[in-house]
Amino acid sequence: ALTAHFCNYCGQKGNFRCKRCKKIPYCSVMCQAEDWKAHRHTCKPVHPEPENDSFKCGRVYLTDLRITKINKGGDIQASVVELYSPGRFFILAQSPEVMEALQSIGAELQKACSEPSGTLYVPCVGEVCAVQFSCDMNWYRGLVQTLAADQKVASILYIDFGNEESVSVDRIKPLPANMQPFSPCAMECRIAGVVPVFNDWSGECCLAVKQLLAGKTVTVKLLETLENGHVHVVDVLLSLGKQLSTFLIEEGYAQKEAVSAAPTEQDICAMLNASLENFKCLSDGKDDNKWAQPPEPLVQSIGDQFSVVVTHFQSPNDLIVQKVENAGAIQDLQLKLREHCSQVAIPQNFRPAPGTVCCALFSEDRQWYRVKVLAYPSEERVCVGYLDFGNSEEVDLNQLRPISTALLALPVQAMPCGLAGVQPVEESWLKDCLLALQCHLSNRILHIKILGAHEGKFLVAMTDEASDPWVNIAELLISAGYASPSPVTVGAPLQAEETTAAAEQGASPPVSQHLLWSVAKLPSDGQRVALLATVVESPGKFYCRLTSSTEHQKLTELKAQLKQHCDVNTSPFVPTLGEPCCAVFPGDGAWCRAMIKVLSDGKATVNFVDYGYSVTVEISHLRPITPELLTLPFQAVCCWLAGVEPLGSEWSSKALLWFQTLVDGEQLSAHVLTITEQGYGVELESRGMNVAASLISEHLAKASGETSKESPAKVGSITNQEGVKQNEDGVQTSIQTETGSKDRTCFKILPSWFLVASFPVDWKTVELPLNETFQPFIAAAISPSLFYLFDPTQEVDQPKLQEVMMELSAFCSNNQNTLSAAVNTKPAPGAACCAQFSADHNWYRAVVLGVGENKVSVLYADYGNSEIVPFSRVLPIPAHLLQLPFQIVRCTLTGKEHFPAAWPEEVQQVFRAELANGVLATAQSFDGSANLLSLTLPAERGGGHLNATILDTLHAHSKSNSFPGAGSCTSEISAAAADRLQPKSLSDSQNPLEHQTGPVDATVSTKTSEPTSRSSSTASVGGELMKIFSLWRGLLLLN
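Note that the structure is a prediction, hence the values are computed from the model and not measured.

### A closer look at the overall build of the protein
So, point 1. Within the protein one finds 19 helices and 58 strands.
So, point 2. Sorting the 1039 residues of the protein into buried and exposed places 48% on the buried side.
So, point 3. Restricting the contact set of the protein to residue pairs at least 6 apart, pairs at least 24 apart contribute 67%.
So, point 4. Summed over its atoms, the accessible surface of the protein is roughly 49600 Å², and 53% of this surface lies on carbon and sulfur atoms.

And the structure:
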């Protein structure tokens, strides 16, 4: 099936998913972090974390239960309740607490599960449920180990007794929501210190051990708990007076387990020598890759604060993080690595030396990453460390590829860290602590502050801001009894290194010294100059720079000088308001010249003086600047369009759109008419037309009331520029343009509705009045899970709709080529879009019904008819054009929790036929995305609920065709199905693609024909009403 995923936050193409729930797509970690405040309330873990949130959502997992705390090295009296082998058996501790827990669990389950439930509950693998045991038909807690493909039978482990059986799903229920999360009463164990002589424990061995332990109370020594917290390593004292491990060895059933002791310094030297010999063995004449040395690490200072994700965890003192703000750069690096490695042939003579960098294929996700070669365990196997994530593994030599110089430019993204101010309560960190902390830190955006440095790691204070209230991780460990406070190592060595490096390189002069700068000048002698707009706010204010090759070369050289200067100058910097500095541009991480405009709360608003745009950055992302870096005049020149002014007090959105369309990415020819303190008043030409005259002819501007009498004057050095002022609905962005050199970046300010053009699936639909019965006018019926109807209560706002149509037409006409080239993904079913109607070639708002290989089935959202169009005639839609609600309403039948993942075609046909024959609808609720409708048949057709009819039909079909069980509804269709699909309003069922344009008022040139449908009438009353309603709506809009 063809699937397109879009970022849940920004609407762009999203190839990543939330690691916790595996459902919500994102384009980057940055968008996931921004969306977490909203998503956290609905995010349900696939592999749940040890939190009690699962009690709220009705599902309980093994990690939600308490972990049995043991006294390491202590003895307990227990009975062996189930034995599968010496490597897996279950014991029941003979303690009052365990007995009370068993009684409480049993009584509560019998009471809660005695009443029959009306719906079938389908459990998840890994879930702990209430299960009816086949022998006594009582209810016990059971762990779902596997679930059959037809979701009818589950393999159950009874966690309080250790036995297993296969159980029908109708004998499984969720645990009561208020039930105490007792730890499993039966403790899963394995014998310590021994392994079977052969691969598995023999049947003779298992029988012998059962005879020794069955039905007896024995002394069990608890030696260790494995990392999952639910398997214990033990030894058992037999009545023979010897340990079970000794008995197994003496009888020849087992042998001693090899113990891996910590390697000594001599062992490490031996391993390194062996690794070096393995490397040299076959290295003659091979490419040793010694030119590829590791990139520099990220430069940070004491006191820096930023958001991170943990990529590798070993202990509170040893973890690896990545900066969230670098997510875009890391994603870009991964794409470049994939492209690079796909083009590089498998090298026959590539044998990289230890310490060098290359590309390696990670075993888990089969993606390429930057790695450092650590050692050669054998002649053909290599141990590598992943530079940007911190983990390591052993791979085959043929899974390595040479790296390119460009891929080494990005600094190492993995940052070694340790929690400051904590130390383990014992000699080392408890495994319970490691397990709990790893679960808490995984899949979370965390905030850290660097407090010091020790042994090459940053000592940090780490806060989980996603928790409510915020949680300091160090304080959490101390309060849980896993850690004790410790003094924080002062980062003096780190500061000394930085100071020394700065001294060696030559420290930059402090900003308090007098710095001189100037701004580039436009010629005022009447000659025309070529300009490129870098920031466009309105005709009254925009920034340009000269497009000559000389100026472009100077700016390129300046960028390289800025990078070199800022990479070595890491000393603390105190910015001064109104003074220049160096600042990191958030988009690509490049260092640029900037002017400090605002200082507050550890952040600074700066104006990037060579481009004109303004952003707010962390003060840690600023560096002092030298006089040499101010030699080149600031390249961004503030301009305004002379000879015009807005029709009202402000420029309208139409005027902004028109102006931006004319200047965006175009080679502009400018003639300076006047110079004021606000900048240059210019006459602009674009595409051979006068921009001011074009705005006036389109009635988007008027000529200035009076001609400026100010004559051209000599322009001195402008020493201060005002920062870019954003209009109320404007945002700043960076857009690549093909004008001039290919690597030129055009920065401009556009209205947010113009910039964020996407295929949103979460467009807001009208909420229907609740509990009011009406006859629906169906626009399109995909399935009982998704259908569209006309809003029976909404009145058409004709002026507003016409205004939207005009803006949509202008947007699509002016940007069709650009957007068609930029859009590299297909819209998802249910997404909003712009579609070009085949009959009149005009653009309309539409909703995607199905997606094929080369075609898209769309429903025109304001008129109700549908057709299949080529993918080239579908464009993303700006958010601004979705503010006026669609005339169609998104609906689903009530009872969707029982709906299947995919509807059989026979059931869909029954549903459409019933709708075509006429039904009555009542809105029962609104789930935030769609109206949940209850549909009933009219009295003349016998009455009754259509919901029940559909479910009965589905049940009958399931019995005959083994249709998969209940699940969430999906609108995915295969490419072949989409190519033959003819989605239509019910009145168009006989000839869905025969469309005619409606009548056009020839006196009004701006009006377009709407996509109305003229097809053969059906015999149904509902179909006739649908046709009349659609025709009336089209005529109303045209008149």
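### Focus: the packing of aromatic side chains
So, point 1. Using the criterion set out here, one finds 23 aromatic pairs in the structure.
So, point 2. Centre to centre, the rings of F837 and Y860 are 5.3 Å apart; their planes meet at 80 degrees, and the pair counts as edge-to-face. A residue pair is termed long-range when its members are at least 10 positions apart, and F837 in the loop between β48 (832–836) and β49 (843–851) and Y860 in strand β50 (residues 855–860) qualify at 23 residues. Just as F837 is buried, Y860 falls in that class too.
So, point 3. Ring-pair connections join several aromatic residues into one group, and the members of that group are F133, Y140, Y158 and F161.
So, point 4. The positively charged end of R66 is found above the aromatic ring belonging to F182, 5.8 Å away from the centroid.
So, point 5. Across from the ring centre of W763, 4.0 Å away, lies the NZ or CZ of R890, which sits over that ring.

### What about the pairing of strand β46 (residues 777–783)?
Put simply, side chains in a regular strand alternate between the two faces of the sheet.
So, point 1. Counting buried positions over the seven residues of β46 gives six, a clear majority of the element.
So, point 2. Where β46 and strand β47 (residues 786–790) come together, five bridges link them in antiparallel fashion. Counterpart to F777 in the pairing with β47 is F790.
So, point 3. Adjacent in sequence and paired antiparallel, β46 and β47 are bridged by two residues.

### Quick notes on the state of the cysteines
Throughout this description, disulfide means a covalent bond between two cysteine sulfur atoms.
So, point 1. The final tally for this structure, using the stated rule, is zero disulfides.
So, point 2. Cysteine C7 remains unbridged, with the sulfur of C10 as its closest cysteine sulfur at 3.7 Å.
So, point 3. Exposure remark for C7: the relative accessible area of 5% places this residue in the buried category.

### Details of helix α1 (residues 29–39)
So, point 1. Those residues of α1 lying buried are C31, D35, W36 and H39. Buried residues along α1 cover an arc of 150 degrees about the axis, so they all sit on one side.
So, point 2. Against β2 (25–26) lie the buried residues of α1.

### Let's talk about the sheet that holds strand β33 (residues 603–608)
So, point 1. Within the open sheet, the five strands sit side by side as β34-β33-β32-β31-β35. Their pairing is antiparallel. Since the sheet does not close on itself, it has two edges, and those belong to β34 (614–618) and β35 (622–623), each with one partner.
So, point 2. The pairing of strand β32 (residues 591–600) with β33 spans six bridges and is antiparallel. Residue pairing in the sheet places M595 in a bridge with N607 of β33.

### Overview of the nonpolar core
So, point 1. In terms of nonpolar packing, the biggest core is built from 45 residues, with Y788, V858, Y860 and I888 touching the most fellow members.
So, point 2. Element by element, the count of residues in this core is highest for β49, at seven residues.
So, point 3. Taken domain by domain, this core gets at least three of its residues from each of domain 5 (759–794 + 885–956) and domain 6 (796–884).
So, point 4. The contact partners of V858, leaving out residues within four places of it in the chain, are C833, A835, A846, V847, L849, N865, S866, E867, V869 and V874.
So, point 5. Of all hydrophobic cores here, the second largest spans 36 residues; its members include Y543, L555, V584 and W591.

### Notes on the environment of G421
So, point 1. Among the secondary structure elements, G421 is positioned in the loop between β23 (415–419) and β24 (422–424).
So, point 2. Overall, G421 belongs to the buried group, its relative accessible area being 18%.
So, point 3. Expressed as a C-alpha distance, the spacing of G421 and A474, which sit 53 residues apart in the sequence, is 7.1 Å.

### Focus on the pattern of salt bridges
So, point 1. Summed over all chains, the structure comprises 23 salt bridges.
So, point 2. Where D464 meets R444, a salt bridge forms, and the shortest distance between an N and an O atom there is 3.1 Å. Placement of D464 in strand β26 (residues 457–464) and of R444 in the loop between α8 (431–441) and β25 (446–454) is noted, with a sequence separation of 20 residues between them. When sorted by exposure, D464 lands in the same class as R444, which is buried.
So, point 3. Within this structure, R88, E164 and E188 form a network of salt bridges that share partners.

### Examining the side chain of R370
So, point 1. Take R370: it is sitting in strand β19 (residues 368–375).
So, point 2. Among the polar contacts made by the side chain of R370, one reaches the main-chain carbonyl oxygen of L410 at a distance of 2.9 Å.

### Some words on the sheet that holds strand β54 (residues 888–893)
So, point 1. In spatial order, the strands read β45-β55-β56-β54-β47-β46; together these six strands make up an open sheet with mixed pairing. The sheet is open, and its two borders are formed by β45 (773–774) and β46, each paired with just one other strand.
So, point 2. Against the sheet, helix α16 (residues 905–916) engages β46, β47, β54 and β56 (931–936), with an angle of about 175 degrees to β46.

What counts and what doesn't
- Residues numbered from 1 in each chain as written.
- Predicted model: local features only at pLDDT ≥ 70, side-chain atom pairs only at ≥ 80, totals over all residues.
- Heavy atoms only, no water.
- Helix = DSSP H or I, 4+ residues; strand = E, 2+ residues; numbered from the N terminus.
- Buried < 20%, exposed > 50% of the residue type's maximum accessible area, 1.4 Å probe, protein only.
- Contact = heavy atoms within 4.5 Å.
- Areas by Shrake-Rupley, 256 points an atom, 1.4 Å probe, with all protein chains shown as cover.
- Phe/Tyr/Trp six-rings, centres within 6.5 Å; stacked < 30°, edge-to-face > 60°.
- Lys NZ or Arg CZ within 6 Å of the ring centre and 35° of its normal.
- Pairing = 2+ DSSP bridges.
- Disulfide = S-S within 2.5 Å.
- Arc of directions from axis to C-beta.
- Core = buried A, V, L, I, M, F, W, Y, C linked by side-chain atoms within 4.5 Å.
- Domains from an automatic or database assignment.
- Salt bridge = Lys/Arg side-chain N within 4 Å of Asp/Glu carboxyl O.
- Polar contact = N/O pair within 3.5 Å; in protein donor to acceptor, adjacent residues only side chain to side chain.
- Axes fitted to C-alpha atoms, helices over the stretch in contact; angles between N-to-C directions.

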